[in-house]
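# Per-entry structural report
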Amino acid sequence: MRPFDYHRPETSNDALNLADEEAAFIGGGTNLLDLMKLEVMTPDQLVDINRLGLDQIDEVSGGIRIGATVRNSDLADDARIRRNWSVLSRALLAGASPQLRNRATTAGNLLQRTRCPYFQDIDAPCNKRVPGSGCAAIGGELRNHAVLGTSDHCIALHPSDMAVAMRALDAEVIVRDAGGGTRTTALVEFYRLPGDTPHIETTLTPGELITGVHLPVPAGDRQVYRKVRDRASYAFALVSTAAVLRMENGKIVSASLAFGGLGTMPWRNEEIEALLTGEAPSNALFDKAGEVLMKEAELREGLEFKKPLAQRVLKAVLTEATQ
Ligand code: SF4
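Criteria and thresholds
Residues numbered from 1 in each chain as written. Predicted model: local features only at pLDDT ≥ 70, side-chain atom pairs only at ≥ 80, totals over all residues. Heavy atoms only, no water. Helix = DSSP H or I, 4+ residues; strand = E, 2+ residues; numbered from the N terminus. Rg over C-alpha atoms; globule rule 2.2 N^0.38 Å. Buried < 20%, exposed > 50% of the residue type's maximum accessible area, 1.4 Å probe, protein only. Contact = heavy atoms within 4.5 Å. Areas by Shrake-Rupley, 256 points an atom, 1.4 Å probe, with all protein chains shown as cover. Lys, Arg positive; Asp, Glu negative; His and termini not counted. Charge placed at Lys NZ, Arg CZ, Asp CG, Glu CD. Pairing = 2+ DSSP bridges. Axes fitted to C-alpha atoms, helices over the stretch in contact; angles between N-to-C directions. Near = heavy atom within 4 Å. Nonpolar A, V, L, I, M, F, W, Y, C, P; charged D, E, K, R; others polar.

### A closer look at the overall build of the protein chain
Looking only at helices and strands, the protein chain has 12 helices and 12 strands in total. Its C-alpha atoms give the protein chain a radius of gyration of 19 Å, near enough to 20 Å, the size a compact globule of 323 residues would have. In terms of its C-alpha atoms, the protein chain occupies a principal-axis envelope of roughly 60 × 50 × 35 Å. A buried classification covers 52% of the 323 residues belonging to the protein chain. Sequence separation of 24 or more characterises 63% of the internal contacts of the protein chain that already satisfy a separation of 6 or more. For the protein chain, the computed accessible surface area is about 14,300 Å², with 46% contributed by carbon and sulfur atoms. Here the protein chain carries 36 positive and 42 negative side-chain charges, and the mean point of each set is 6 Å from the other.

### Looking at the sheet that holds strand 4 (residues 57-60)
Reading across the sheet, the 5 strands line up as 4-5-8-6-7 and stay open at both edges, with antiparallel pairing between neighbours. Single-partner strands in this sheet number two, and they are strand 4 and strand 7 (182-186). Recorded for the sheet is a direction-independent mean angle of 25° between the axes of neighbouring strands. Bridge analysis of strand 6 (residues 172-176) against strand 7 gives 5 bridges, and the strand direction is antiparallel. Residue pairing for strand 7: Ile174 is matched across the bridge by Thr184.

### Here we look at the site of the ligand
Around the ligand, 13 residues are found, and the nearest of them are Cys116, Cys126, Cys135, Cys154 and Ile155. When the residues that make up the shell around the ligand are grouped by side-chain class, the tally is 10 nonpolar, 2 polar and 1 charged.

### As for the environment of Gly195
Mapping Gly195 onto the fold places it in the loop between helix 9 (187-190) and strand 8 (209-216). Separated by 74 residues in the primary sequence, Gly195 and Asn269 place their C-alpha atoms 19 Å from one another.

### A few points about unusual backbone geometry
If you check the backbone angles, Asp170 has positive phi at about 60° while not being a glycine. Secondary-structure assignment places Asp170 in the loop between helix 8 (162-168) and strand 6. Even without being a glycine, Tyr234 presents a positive backbone phi close to 55°. With a relative accessible area of 47%, Tyr234 lands in the partly exposed category.

Next up, the structure:
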């Protein structure tokens with residue numbers, strides 16, 4: 001591990017003033033410290049954000065605000081989250097291990113890096129780690145890689161379960177800049193597709209700090225999260241689906257769906273949601289939704305299994321949510 005300076009400020013202003021372009025904010029450090037040991041990330045300063053008072057979950061007008069350093073386990077266990085945003089609680093509990101959830105934070109979970117093995121190997125070419133160096137994954141061994149939102153420069157999978165549920169829940173990321181200004185960005189605008197700059201993963205600019213996440217009141221009361229993985233626990237999703245639905249008089253009147261294990265960012269497909277809305281549930285409808293989901297998937301060798309798996313998971317989730 002390379003040497004670095006460590007700061008533990010007491011206010012957000014101090015944290016922002018300390019953070020230069022080579023600094024990294026640290027909350028739980030469950031991903032960052034691993035990457036520092038591998039020398040994949042080499043910040044010259046760590047700015048600890050655990051004393052900034054960002055560890056609260058507050059009900060606010062029109063929803064709930066989750067502080068940046070709320071631990072994943074505390075968020076999953078919160079009675080309000082379990083009651084009204086249960087898909088988020090389920091997604092969190094499907095991620096990592098209890099020990100990691102006790103440390104990992106809301107902001108850190110949003111910003112966790114891909115687990116592409118070539119990204120973590122500093123001897124392999126990787127456009128995300130070293131822009132312009134190439135992509136060892138394309139043409140390499142593939143299993144936990146993306147089939148949606150990929151580019152010729154990067155096919156890295158977004159690893160988060162929490163962010164998938166948040167995408168289905170129309171989450172907004174609250175960001176503070178060095179001047180003290182605050183902006184709120186929808187999760188869909190927060191993440192960037194890799195394109196030809198896969199090293200730029202979000203719309204955060206250097207020196208900006210995530211202070212929290214806002215979740216609006218959910219549009220649906222039927223919430224399901226299903227994750228398929230190689231092991232029963234402590235494994236990343238091969239495919240996952242978050243569903244937030246509302247039914248009236250036997251018909252789907254609102255559908256919000258997000259997918260993990262498929263995309264370079266937590267994936268959502270509005271065409272599927274439009275297809276389902278106003279319809280009565282049926283196997284034929286759910287099969288059609290699966291076709292729409294995967295019609296633009298790029299199924300490289302080793303990833304072909306994701307198409308039937310994703311379609312079966314979507315069908316099972318929709319069946320459960322509409323029963
Ligand atoms: Fe790097 Fe992306 Fe290629 Fe993986 S898929 S080696 S992260 S450029």
